[in-house]
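Each chain is listed here by its residues.
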Amino acid sequence: VLKAALDAGVNYFDTGEGYGRGAAERSIGEAIKGRDRKSLFITTKFRFDGLADTAAVAAKLQEALDRLQTDYVDCLMLGPSSAAAVKNEVYHQAIAELKKQGKVRFSGAASHGSRMPGQGEPMEQILLAAVEDGRFDVILLVYNFLQKEPGDKVLEAASKKDLGLTIMKSNPLGRYFDTKNRVEQLKKDGQPVDERLQKSMEQMEEQARQAQDFLKKHNAVTPAEIKAAALKFVLADKRVHTLNLAFNTFDDVQNFLALSGQGLGDRERVLLASYESECGSLYCRH
C-alpha cells in the first residue's frame, strides 16, 4: 500500500517509534528502498521523557534511522504535554547538533491536547507556546470542521511565522465509524469483543447519538461522503500544507488522493454545517 501511495505521488510520511512499536517505521523503510530519498519528507517521533542528554537523543534517533533505512529524517518532532515542555532544552540542544550532522533537517512540535476535557493543558495553549518559542519549523495539530476555533488560532499564529503546518484528526467522526465497523466485523465473525473496545464503543455511541439521528434523517449521507467532505474542508484552508492520513488499503490511496486540489461543493457545505449545528463539540476528545 505504501508503495502504491509513493507511485501515486505521496511524498510526506509521518511516523513514530510508538506506532506498532517501530513497525510503521520499518514498513516505510522497506517501501522507500530504491526511491529518490530527496523527494520524500519523513517525520518521526519518540518519547523524550527520560532522555538525559543529547547523546541519548542521538542514540534513540539512530534506532529510528535504522528502522527507516535512511541516513536522516526531515523532521524530528517533540510531543510536549504542556506549554512549559516546549522548552525541553535537551531536545533543542540535540536538534541543533543533529542538524549540523545532517541527521535532522527540521524540528517540530505536535499536540492534540488532553484526551479528556478539563485534564491537562489544551492543544492551542501548548502549540501557541511552541510558535512563540521560535525554534520549531513544523507544527502538527488537530483541525477539522467540528474543532475549528482552537486549530484556527494555531494556524493563524504559525502561518505568520511561515511554519510548516500539518493536520491530524481531520475527520472528527472517523474514529467512531472505524470502531463501529470493527466491532460489527468481530461479531459477524463470531469473535469476542474485547471489554475495553466494547466500553470505548459504548462511550462513542453515546457521544455520537446526535450524529446518528442526523444520519437516519438523511439516509443518503454515508461515512465515506462525510469523510470526503471533512478532508476537503481542511484542504481548502490555504494555511494548511498537508494532512496526515492513514493509508491502509489500495482504495484509501485512490480515494484520498482524488480529493487533492478539490474544494467543497454546495451539498458538502450544507452537510458539514448540519453536523456542526447538531453535534457541536461532541467529538473534541477524538
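All figures in this text were calculated on a predicted structure; none of them were measured in a lab.

Let's talk about the pairing of strand 4 (residues 104-110)
Here's step 1: For strand 4, the buried fraction is high: five of the seven residues fall into the buried class.
Here's step 2: Relative to strand 4, strand 3 (residues 73-78) is paired through five bridges, and the arrangement is parallel. Residue pairing in the sheet places methionine 77 in a bridge with glycine 108 of strand 4.
Here's step 3: Between the parallel pair strand 3 and strand 4, the chain is carried across by helix 4 (residues 89-101), and the sense of this crossover is right-handed.
Here's step 4: Bridging between strand 4 and strand 5 (residues 138-142) involves three bridges; their strand directions are parallel. From the neighbouring strand, alanine 109 faces strand 5, where its bridge partner is isoleucine 139.

Thoughts on the pattern of salt bridges
Here's step 1: Applying the stated criterion across every chain yields a total of 18 salt bridges.
Here's step 2: With a closest N to O distance of 3.1 Å, glutamate 17 and lysine 60 form a salt bridge. Of the two residues, glutamate 17 is situated in the loop between strand 1 (12-14) and helix 2 (23-31) and lysine 60 in helix 3 (residues 54-68); the sequence distance between them amounts to 43 residues.
Here's step 3: Notably, a salt bridge pairs arginine 239 with aspartate 237, separated by 2.8 Å at the nearest N-O pair. You'll find arginine 239 and aspartate 237 in the same group, each marked buried.
Here's step 4: Taken together, the salt bridges that share partners define one network made up of Glu17, Glu25, Lys60 and Arg67.

Considering the packing of helix 2 against helix 3
If you want to describe how two helices pack, look at the angle between their axes and the distance between the axes.
Here's step 1: For the pair helix 2 and helix 3, the least separation of the axes is 6 Å and the interaxial angle reads 45°. In this view, helix 2 runs oblique relative to helix 3, as classed from their interaxial angle. In contact with Glu25, Arg26, Ile28 and Gly29 of helix 2, helix 3 contributes Ala64, Arg67 and Leu68.
Here's step 2: Its residues placed into classes, the contact of helix 2 with helix 3 shows three nonpolar, one polar and three charged.

Side note on the confidence of the model for the protein chain
Here's step 1: Averaged over all residues, the pLDDT of the protein chain is 86; the fraction at 70 or higher stands at 87%.
Here's step 2: Within the protein chain, the lowest mean pLDDT, 53, falls on helix 9 (residues 209-217), and the highest, 98, falls on strand 3.
Here's step 3: Predicted confidence for residues 281-286 stays below pLDDT 50, and this span has 18 contacts to residues more than four positions away or in other chains.

Some words on the sheet that holds strand 7 (residues 242-243)
Here's step 1: Strand order in this open sheet of seven strands is 1-2-3-4-5-6-7, and the pairing throughout is parallel. With one partner strand each, in any of the chains shown, strand 1 and strand 7 form the two edges of the open sheet.
Here's step 2: Summarising the sheet, strand 5 and strand 6 (residues 164-168) pair through five bridges and their orientation is parallel. Within strand 6, the position partnered with valine 142 by the bridge is methionine 168.
Here's step 3: Running over the sheet, helix 5 (residues 123-133) touches strand 4 and strand 5 and is turned about 170° from strand 5.

A closer look at helix 3
Here's step 1: When the terminal C-alpha atoms of helix 3 are compared, their 21 Å separation across 15 residues agrees well with the 21 Å that a helix rising 1.5 Å per residue should span.
Here's step 2: Residues Thr54, Val57, Leu61, Ala64, Leu65, Arg67 and Leu68 constitute the buried set of helix 3. The arc that holds every buried residue of helix 3, seen down its axis, measures 160°, which confines them to one face. Seen from the buried face of helix 3, the exposed residues on the opposite side, beyond 90 degrees, are Ala55 and Asp66.
Here's step 3: Turning to helix 3, the residues buried within the fold contact helix 2, strand 2 (41-45), strand 3, helix 4 and strand 4.
Here's step 4: Two to three positions downstream of the cap, the backbone nitrogen of alanine 55 sits 3.3 Å from a side-chain oxygen, assigning the N-cap of helix 3 to aspartate 53.
Here's step 5: Once helix 3 ends, the next one or two residues include glutamine 69, with phi positive near 55°.

Here is what the cut-offs are and how they apply
- Residues numbered from 1 in each chain as written.
- Predicted model: local features only at pLDDT ≥ 70, side-chain atom pairs only at ≥ 80, totals over all residues.
- Heavy atoms only, no water.
- Buried < 20%, exposed > 50% of the residue type's maximum accessible area, 1.4 Å probe, protein only.
- Helix = DSSP H or I, 4+ residues; strand = E, 2+ residues; numbered from the N terminus.
- Pairing = 2+ DSSP bridges.
- Right-handed = clockwise from strand over helix to strand, strands pointing away.
- Salt bridge = Lys/Arg side-chain N within 4 Å of Asp/Glu carboxyl O.
- Axes fitted to C-alpha atoms, helices over the stretch in contact; angles between N-to-C directions.
- Parallel < 35°, antiparallel > 145°, perpendicular 65-115°, else oblique.
- Contact = heavy atoms within 4.5 Å.
- Nonpolar A, V, L, I, M, F, W, Y, C, P; charged D, E, K, R; others polar.
- pLDDT = per-residue confidence, 0-100.
- Expected span 1.5 Å × (residues − 1).
- Arc of directions from axis to C-beta.
- Polar contact = N/O pair within 3.5 Å; in protein donor to acceptor, adjacent residues only side chain to side chain.

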